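# Analysis of the macromolecular model
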Amino acid sequence: MSFVTEESDMTLDCSLISNMEDSLEDPDVSNQSISDKALEMSEIPATPNLQTFHFDPEMFDREDESTEEAKREIKNVFSFLDRKNLKTTYSALMKELDIPSNYDNINSVQGINSITDTVLSTFEAQADKYSSRYSNLCQFINRSLETHRFELSRFLYPIFVHFYIYLIQEGNIQAAKSFFKQHYLSLDDFYRDDLRHLLSISQVEHLETSQYTLNFQREKFSIRISSQTEQLLMRYLHSETANPILNTLSNNVSIDLYDGPPRNVHDVSKHTGALMGETAPSVNRSKVLYGVPTDQNFLEFLEQEANEAEKKKKHKLLQNLSPHKKNKQVSIPNSPQPTRIPVPIKQEREIQSKEPLFRAWLQQAHLSATELPCICFYSFLNCYENVISISINPPGSLICVGFSDSKIRIWALTPLKLRSLKAPDLLADLPQTNEDCTFDQIIDESSTKEVQVLLGHTGPVFSTCFSPDSSLLISASEDGTVRLWSLHTFTQLVCYRGHVFPVWSVEFSPLGFYFASSSHDTTLRIWSTDQILPVRVLAGHYSDVDVCKFHPNGNYIASGSSDRTVRLWDVLDGKCVRIFTGHKGTVHTLAFSTDGKCLASAGRDNRVLVWDIPSGGMMVELKGHAGCVYSLAFSRDDNILASGGMDNCVKLWDMRLILNSSDSDRASYKFVIKSFYTKSSAINMLSFNFSNVLIAAGIYTN
Amino acid sequence: MHQPTSSHAPHLNHRSPEGILLGSQIAVESIRIMGESMIINNLPEDAASYLADDITFRLKDIIRLSQKFMHHSIRNRLTTSDIDSAMRARNIEPVYGFNSDDVIPLRMTSGVGREVFYKEEPEIDIGKILNSTLPKAPHEISLRAHWLAIEGVQPRIPENPVSHCKEEKEVSEESPSSRSPRVESSYEIIESPALIDLPAELQLYYKEISEACVGINRVRREEALNSLSSDPGLLPLMPRFSVFINEGVKLKLSENKVPTLLSLAKMLRALLDNPTLSLDKYLHELLPSACSCALFNYQATHDSPEIWNLRTESAVIVGRMCKKYNDSVNSIQSRLTRLLFQILSDEATSLGSRFGAVNIISELGPEAVKILLLPHLQIGGEIVKKALDSEDTAALIAANRLQSLIVKTCAPVLVKSREPPDVVEKFELEFGYLGKQVWTEVRGLRPHLHAVNDVNVIVADSPVNNEEVVGEDVLSDYTGFTDEMGYSSLNQTVNSMDT
């Protein structure tokens, strides 16, 4: 660890300084500081290393030490330089401090005195430079017209962070902290967590350890303002000379200009909040094939049903089928080619397993604001906050739970129970060909169990997901691995090691075969079940990727992150096609609408945001939850959006109204239809099954 | 990394009052002490302060990361395992041996101008643990399903919470301007239960319960009352219960059947106790019934303790109803105080009714006692004295009861409101005949401070603002009789009783 090594340096430092003390013959030097040691070290190389010259005047006045002492220290330094005749070091020092001077100055005692004063005042001025500039900027913004004020205030946060980083880089810890305390109230509330982290940074070394400051130093913070506002700002900045703000803006901020009047406070605050600023709409221009093509198998199934109904003269059934048939046969606009993402040919059994789903689809309950769904709630009892993740398979027959003690348990929700394969010796007796041996024959009917436990992970299981045909299960854990389990043998099949850090989320592609995982290492990876290496690594988020979700057509994947953005990636080429900013906290859950047009996201900021994928804009902001939102689900007919979270409440939102209302109306409408509270269970999982019954699950805590 | 142990826990240095954001910093002093514990003496000042800054940064970084693990575990409580996970993610060996599922209490002690936080580590007698019986094994995790909603209506079953009508009301009040083009959905009809035909099973339930409540079988009665006080689905039956109680009280009062009245009072109390019911729509029937039970002038030929029980029980109900449902619209409190004032100031009021009135006053809280009861002590005293002097044994017993109740109610209030010394003459002058007894009781309460405190606790049971309301209402009542309308039912009851 870093500060243990510092300690060993420190012992070295003491001996060096005692040597130096002898040579200086100055009885006043008693303060053994790192800077002195650094000074001594700097003598050794021919060209002085400015990085090691860690001159820190704040060291002196840190604990109420007088300027007198600081003066004495500086004086000592200069007299030492004078005595040793270190011209290069001196000029390097002067250059770094930006003081024009030649070496001859310090040949006399007066010369040393005057240069000491200059240096000291320079330090004071530098420490104050940022603070006064920043207050001037604040004043300028406050005085400006209200139309410009909100756009201008977006600049405060990146400038604040960069000034703090500059002060730390200059070693002015005390000035940095006082700058922070003086100005942090000028910033928005939702930056609080980041600011808290920023304040804990007090060494140059920390800047390199912290992902947060590295992001700020390497990437540009993006701000979107109207060109009028930009002109106003530039006029102000150019009126000041040698402005560090201008510096910051040109180096660390990218400004996205647009024509037209500046936006109002509502519009501005709607899109801000992300770690690295608001996305320019130009980023979200690329075409997305958001359409969801109808399942070929479903069409075949419909055909079959229709034929049978005709044979048996069941007109009622025929009537039921016809709207589906009509809907499904029209080609869906904007849908990708079925072969765009290659998938292995489906097995007969896989197609068969879907039949009950299709049947459920036909009997689907119609939902609207006045016809609300039934909600079935599964509570887990006696689990003492051990349950972390809950997932359910598409037909709603299996529920899988990941525990903090690294176990995974699967419960059967139907009377069919959990059945595993027969033992190998029994399987050997069965006929070898496909035609002769049905699936039921290889299943051991005597082995039915209600619960199965899967052991393998060595850390809390943060996420699990069933494959579309419910034959496989994928799980992600704190131990950095993703594991694939068979639900026929209830054993582990593969362990995927790619993420080194905790994996937060996994999700199976709706096409099967592929799955995605997202991790603390800021990447999103796409894997296939037949390879142990990822087929795509999607990097771009500035912080942890907390959740991932496949688009219903399997061609895209959405990810939500701690950098408070939601991104949409193309699975085919791994490109990021949409960046949505507007969240003010970590994104914990995502959901696509069934038609693939909308994406809903929610998280720590207690609000649900609905995005329009074709246009790349925010559709609506839904407020009302009183705690972190952990799950979202669209009904199968896209009329209702359900959300639930830490506030023990399932809320139903009117999607029909959201889609049918215009942008200007949305601000005033109330979209929440109804809230259902549980007794004492946070909502961990929500999912609409094929008959439009909302399945919710949570842990009962008392 | 240096392992923090309890002997020298870090001295946290809160640098500013806005500690929430500005945070705390490990003090240089703590670093020194930690250094000394590792035999690094004379740690230079700047090295120590460098370390302090660095350790603060790293600690906060770990805590920030561990919060992330907490959030992903869907918890609101940070555990030691979150810290371990965070340290593993930062490639630091976790601190072993600090696993705990419980809250680790952090104690603070201060002295010599500084605060020290430490973890309490009590000595554990290992013999005791070995010899004690094994704790019960935790229950196996189980899964349970229930309907949170059926077509948008939350069924009233034990798995679901009691209705959140109030909260929804608040939510809708939040944005009164918001317009919704949606038609009001049908589920809201439930609000007016009288409109719904009662299902057969509820009708049966109503019959059984009402019979059991007034029946003679004690076990069945207890069961019925229990059901009334806890079942969540009784709202549709409320109109029937209300009528049942109201009519029952009227009838039984005229028949002077005290035991049945007591049963009805208990039934009312059980309904009042039910957290899922709101009686505010039935107060016009229930409150007069309860008042009548407490204040009625029963025709008792001999002393029966049941009457006194009934009066006390009903007074409790009246008091609770008043506290629970009083608001600016129904102004129960002011109407009630006016009624009680009339009763107390009327010299013709019987001892029993007076007893009931005093009982209700004592339920209403100390302010009511101060304003209603104390000014009437003179009259009360004379009536008591007259009864004590008479030959009638029933009157004698009643007078004794009234006297002890008055003294018991007044004394704590007087102890609280008046400063010693207590002069017996002054008390006699002010309160007449009862002055001496009150004085004795007050004196008895004075020296035992803790006894006074106990009384205070009882007094404090009623919410403070409620007490203030009593005072205000009463004042407005007696300065100007403005609110003449609207207390028909109460006054009618009283009038019918007095005549």
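Residues numbered from 1 in each chain as written. Chains lettered and ligands numbered in written order. Predicted model: local features only at pLDDT ≥ 70, side-chain atom pairs only at ≥ 80, totals over all residues. Heavy atoms only, no water.

## Observations concerning the UniProt feature "repeat: WD" (unreviewed entry) in chain A
All names here are of chain A. As a reminder of what qualifies: UniProt positions are given in the numbering used here, feature names are shortened, and annotations may be inferred rather than shown by experiment. Put simply, DSSP H or I for four residues or longer makes a helix, DSSP E for two residues or longer makes a strand, and each gets a number counted from the N terminus.
UniProt annotation of "repeat: WD" (unreviewed entry) refers to residues 454–489, 496–528, 538–579, 580–621 and 622–656 when read in the numbering used here. As a span, residues 454–489 carries 0% helix and 53% strand, and end to end its C-alpha atoms are 11 Å apart. Structurally, residues 622–656 is divided into 6% helix and 54% strand, and its ends, taken at the C-alpha atoms, are 14 Å apart.

## Details of a nonpolar patch on the surface
All names here are of chain B. What counts is decided by this rule: Residues enter patches when they are more than 30% accessible in relative terms and free of salt bridges; like-charged ones are connected within 9 Å and nonpolar ones (Val, Leu, Ile, Met, Phe, Trp, Tyr) within 5 Å. Accessible surface is estimated by sampling points in the Shrake-Rupley manner with a 1.4 Å probe; for residues, cover comes only from the protein chains shown. Within this document, salt bridges are pairs made up of a side-chain nitrogen of Lys or Arg and a carboxyl oxygen of Asp or Glu, the two lying within 4 Å of each other. Relative accessibility thresholds used throughout: buried, under 20% of the residue-type maximum; exposed, over 50%; partly exposed, between the two (1.4 Å probe, protein chains only).
On the surface, L59, I63 and L78 cluster together to form a nonpolar patch covering roughly 220 Å² of accessible area. Inspection of the secondary structure puts L78 in the loop between α3 (45–72) and α4 (80–89). We classify L78 as partly exposed; its relative accessible area is 37%.

## What about the interface of chain B and chain A?
Put simply, the rule is: Residues count as neighbours in contact if any of their non-hydrogen atoms are within 4.5 Å of one another. Polar contact is defined as a pair of N or O atoms within 3.5 Å, subject to the rule that within protein one atom must be able to donate a hydrogen and the other to accept it, and that residues adjacent in sequence are counted only when both atoms are side-chain atoms. As a working rule, the residues Ala, Val, Leu, Ile, Met, Phe, Trp, Tyr, Cys and Pro are called nonpolar, Asp, Glu, Lys and Arg charged, and the rest polar, with Gly in that last group.
Tallying the contact residues gives 70 residues for chain B and 89 residues for chain A. Scanning the region where chain B abuts chain A turns up five salt bridges. Note that D194 of chain A is salt-bridged to R64 of chain B, the shortest N-O span being 3.9 Å. Taken together, the links from chain B to chain A amount to 20 residue pairs in polar contact (both at pLDDT 80 or more). In terms of residue count, α3 of chain B provides more of the side of chain B that touches chain A than any other element does, 19 residues in total. Residue composition of the side of chain B that touches chain A, by class: 30 nonpolar, 17 polar and 23 charged.

## Focus on the pattern of salt bridges
Counted according to the given criterion, the structure contains 32 salt bridges over all chains. The salt bridge partner of K68 of chain B is D546 of chain A, with a shortest N-O separation of 3.2 Å. Of this pair, K68 of chain B sits in helix α3 while D546 of chain A sits in strand β16 (residues 545–550), which puts the two residues in different chains. The same class applies to K68 of chain B as to D546 of chain A, namely buried. Between D82 of chain B and R75 of chain B there is a salt bridge whose closest N-O contact spans 2.9 Å. Because the salt bridges share partners, they merge into one network encompassing E151, R263 and E278 of chain A.

## Brief notes about the confidence of the model for chain A
Here is the rule we go by: A score between 0 and 100, pLDDT records how confident the predictor is in each residue.
Looking at chain A as a whole, the pLDDT averages 81, with 84% of positions reaching at least 70. Every residue in residues 1–65 of chain A is under pLDDT 50, and counting partners more than four places away or in other chains gives 88 contacts.

## Regarding the side chain of N553 of chain A
Residues and elements named next belong to chain A. On the secondary structure map, N553 appears in the loop between β16 and β17 (556–561). A distance of 2.8 Å separates a polar side-chain atom of N553 from the backbone oxygen of G291. Discounting residues that sit within four places of it in the chain, N553 has contacts with L289, Y290, G291, V292, P293, P336 and L511.

## Some words on unusual backbone geometry
A positive phi angle, near 70 degrees, is found at N692 of chain A, a position not held by glycine. Located in the positive-phi region is I39 of chain B, a residue other than glycine, with phi close to 55 degrees. Turning to its location among the elements, I39 of chain B is positioned in the loop between α2 (28–37) and α3.

## Side note on the confidence of the model for chain B
All names here are of chain B. Model confidence for chain B is summarised by a mean pLDDT of 74, while 76% of its residues fall at 70 or above. Averaged over each element, pLDDT in chain B is lowest for helix α21 (residues 464–479) (37) and highest for α3 (91). Confidence drops under a pLDDT of 50 for residues 1–19, and excluding neighbours within four residues, the segment shows 40 contacts in the predicted structure. In the model, residues 164–195 has pLDDT below 50 throughout and makes 30 contacts with residues more than four positions away in sequence or in other chains. For this predicted complex, the interface score ipTM comes out at 0.80, alongside a pTM of 0.66.

## So, the sheet that holds β17 of chain A
Residue and element names in this part refer to chain A. Cut-off, in case you're wondering: DSSP-based pairing: two strands are paired if at least 2 bridges between them are found. The axes used here are C-alpha line fits, helices contributing only the stretch in contact, and every angle between their N-to-C directions lies in the interval 0 to 180 degrees.
Overall, antiparallel pairing links the four strands, which are arranged β16-β17-β18-β19 in an open sheet. Of all strands in the sheet, those with a lone pairing partner are β16 and β19 (576–581), marking the two edges. Strand-to-strand twist of the sheet, defined as the mean angle between neighbouring strand axes without regard to direction, takes the value 20 degrees. By the bridge criterion, five bridges tie β16 to β17 in an arrangement that is antiparallel. For K549, the partnering residue across the bridge sits in β17 and is A558.

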